[in-house]
Amino acid sequence: MERLTGPPVADGFRLPGEFAPHAGTWMLWPCRADTWRADAEPAEQAFATVASAIAEAEPVTVGVRPDRLDRARAVLPARVRTVAMESDDAWMRDVGPTVLVGPGGERRAVDWTFNAWGGAVHGLYPDWAADDRVAAAVADAEGMAGYRCPLVQEGGGLHSDGAGTLFVTAECVLSPGRNAGLGHLLAERQLCDYTGAARVIWLPQGVAGDETTGHVDNLLHVPAPGIVLLTWTDDPDDPQFPRSRAALRALGAARGADGRRFEVRKLPMPGPLHMTEAEAAGLVPSAGGKPRRTGDRLAGSYANFYLANGRAIVPLLDPRTDEAALRIIADAVPDREVVGVPAREILLGGGNIHCITQQVPAG
């Protein structure tokens, strides 16, 4: 990746909303035995289903470690392109580039500093060097120049309304293993400089038990201009109860960069969902990696869906709440086909459909 100096905002570049037209989607292939059970075979099937659903609407490219290329090609449909790419795991949203669009339609990549969601303090594995090179590799494959940002940040830690407003959680951006020492004001300045945003809306916390330390994309989604879908529970005994209410208060008091208020719609929370004994038994623990145990609560959220051209790819997580979530999302994106995809295998790894995808906006 050709590294450019100066922040992208000075060059007139900005981050569109995910709902804006895409040129394509990038993903990574699952590989870690301490994250994906049974040598990742069930996860491979889930990833392939997601890739196929997106490929019906736009081009999909999957980066695959060289030793897994044959496996990936055997499972993925022929229309999905695979490229050899080293990585430490499969979270393209977080390790891939955040792609901005300039006034002439040129696209440029933002390569955030990545440290496995918290480095030595609360990171999920001890060696993330390959992951930290993925954004530049994708930019090279797309022929994009880019900017290396010193802020420790992941793509799943921000959402854009496409009109100058960025959504983040303080729990994530200012976590002890990321930017706590930088402070609120300097972190916000870098977020704006590297996304073109004019305003940042800070939510206090993300979803309870989220191993990313509160990524905003597991808490809410911005599926259309002016609309926010917020993860919600009415159970006062659920640890998510106060978190969602605090987010609702913050969103209710906020205005976007364009001066308007947001329409907040509630998305039911699935579960509670927990890792079963059989699921945990299929994992191979690693030195320094996050332990995953029987009974662990899974941070399930329907907000973790993906908008492709003309489609919304939504995780199916709980028969008790799937239908209501699909209906609410469909009402928010009436011009898109809503496609539900079984996604528990992705959730077992710590994220979901939005986490394993990253859009390349149309120029």
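Check the entry above for the structure.
Residues numbered from 1 in each chain as written. Predicted model: local features only at pLDDT ≥ 70, side-chain atom pairs only at ≥ 80, totals over all residues. Heavy atoms only, no water.

Examining the nonpolar core
Argument step 1. With 87 residues, the main nonpolar core has Phe47, Phe167, Leu203, Leu220 and Ile346 as its most contacted residues.
Argument step 2. Of all the elements, helix α1 (residues 41-55) adds the most residues to this core, at 9 residues.
Argument step 3. Residues contacting Phe167, with those up to four places away along its chain left out, are Gly157, Leu158, His159, Asp161, Ile201, Leu203, Val216, Leu220, Val222, Val228, Leu251 and Phe262.
Argument step 4. Leu15, Leu158, Val173 and Tyr194 belong to the second largest nonpolar core, which has 19 residues in total. (Core = buried A, V, L, I, M, F, W, Y, C linked by side-chain atoms within 4.5 Å. Buried < 20%, exposed > 50% of the residue type's maximum accessible area, 1.4 Å probe, protein only. Helix = DSSP H or I, 4+ residues; strand = E, 2+ residues; numbered from the N terminus. Contact = heavy atoms within 4.5 Å.)

Observations concerning the packing of aromatic side chains
Remark: the centre distance and the inter-plane angle together describe each pair of aromatic rings, the angle taken between the planes.
Argument step 1. Counted under the stated rule, the structure contains 6 aromatic pairs.
Argument step 2. Considering the side-chain rings of Phe114 and Trp117, the 4.9 Å spacing of their centres and the 85 degrees angle between planes classify their relative orientation as edge-to-face. We note that Phe114, like Trp117, is buried.
Argument step 3. Aromatic pair Trp117 and Tyr125: ring centres 5.7 Å apart, planes at 90 degrees, arrangement edge-to-face.
Argument step 4. Take Trp117: its relative accessible area is 2%, and that puts it in the buried class.
Argument step 5. The class of Tyr125 is buried, set by a relative accessible area of 5%.
Argument step 6. An aromatic cluster is defined as three or more aromatic residues linked by ring pairs; in this entry it consists of Trp29, Trp36, Phe47 and Trp91.
Argument step 7. Across from the ring centre of Trp232, 4.1 Å away, lies the NZ or CZ of Lys266, which sits over that ring. (Phe/Tyr/Trp six-rings, centres within 6.5 Å; stacked < 30°, edge-to-face > 60°. Lys NZ or Arg CZ within 6 Å of the ring centre and 35° of its normal.)

What about helix α8 (residues 240-253)?
Argument step 1. Given a rise of 1.5 Å per residue, 14 residues ought to cover 20 Å, and the 20 Å separating the end C-alpha atoms of α8 matches this to within 8%.
Argument step 2. When α8 is considered as a whole, its buried residues turn out to be Gln240, Arg243, Ser244, Ala246, Ala247 and Leu251. End-on view of α8: buried residues confined to an arc of 160 degrees, all on one side of the axis. Of the exposed residues in α8, the ones pointing more than 90 degrees away from its buried face are Arg249 and Ala253. (Expected span 1.5 Å × (residues − 1). Arc of directions from axis to C-beta.)

A short note on the side chain of Ser160
Argument step 1. Relative to the helices and strands, Ser160 is located in strand β7 (residues 159-160).
Argument step 2. For Ser160, the side chain forms a polar contact with the main-chain oxygen of Leu15, separated by 3.1 Å.
Argument step 3. From its side chain, Ser160 meets the backbone nitrogen of Gly162 in a polar contact 2.9 Å long.
Argument step 4. Every residue in contact with Ser160, bar those within four places of it in the chain, is listed here: Leu15, Pro16, Gly17, Thr165, Leu166 and Val222. (Polar contact = N/O pair within 3.5 Å; in protein donor to acceptor, adjacent residues only side chain to side chain.)

Side note on helix α7 (residues 184-195)
Helical periodicity: at 3.6 residues per turn, an α-helix aligns residues three or four positions apart in one direction.
Argument step 1. Taking 1.5 Å of rise per residue, 12 residues should cover 16 Å, and α7 covers 16 Å from first to last C-alpha, within 8% of that figure.
Argument step 2. The complete set of buried residues in α7 reads Ala187, Gln190, Leu191, Cys192, Asp193, Tyr194 and Thr195.
Argument step 3. The secondary structure elements touched by the buried residues of α7 are β4 (98-101), β5 (107-113), β6 (146-152), β8 (165-169), α6 (170-173) and β9 (199-203).
Argument step 4. Gly196, located one to two residues past α7, shows a positive phi value of around 80 degrees.

Observations regarding the sheet that holds β4
Argument step 1. On the basis of which strands lie adjacent, the open sheet formed by 3 strands has the order β4-β5-β6 and mixed pairing. A strand with exactly one partner marks an edge of an open sheet, and here the two such strands are β4 and β6. Between one strand and the next, the sheet's axes are offset by a mean angle of 30 degrees, whatever the strand orientation.
Argument step 2. Pairing analysis gives 4 bridges linking β4 to β5, with the strands arranged antiparallel. Bridging across to β5, Thr98 finds its partner in Val110. (Pairing = 2+ DSSP bridges. Axes fitted to C-alpha atoms, helices over the stretch in contact; angles between N-to-C directions.)

Re the environment of Arg93
Argument step 1. Within the element layout of this structure, Arg93 appears in helix α3 (residues 92-95).
Argument step 2. For Arg93, a relative accessible area of 4% gives the class buried.
Argument step 3. Aside from chain neighbours lying at most four places away, what touches Arg93 is Glu18, Gly155, Gly156, Asp217, Tyr306, His354, Cys355, Thr357, Gln358 and Gln359.
Argument step 4. At 3.0 Å, the side chain of Arg93 forms a polar contact with the side chain of Gln358.

Considering the environment of Val360
Argument step 1. Relative to the elements of secondary structure, Val360 occurs in strand β18 (residues 358-361).
Argument step 2. In the structure, Val360 is positioned 337 residues away from Ala23 in sequence and 5.5 Å away in space, judged by C-alpha atoms.
Argument step 3. Every residue in contact with Val360, bar those within four places of it in the chain, is listed here: His22, Ala23, Gly24, Trp26, Arg107 and Glu142.

Examining unusual backbone geometry
Argument step 1. Note that the residue after Gly271, namely Pro272, is joined by a cis bond; omega there is 15 degrees.
Argument step 2. One can find Pro272 in the loop between β12 (263-268) and β13 (273-274).
Argument step 3. For Ala116, which is not a glycine, the phi torsion comes out positive at approximately 60 degrees.
Argument step 4. Counting through the fold element by element, Ala116 comes out in the loop between β5 and α4 (119-122).
Argument step 5. Among the residues examined, Ala116 registers a relative accessible area of 0% and is labelled buried.

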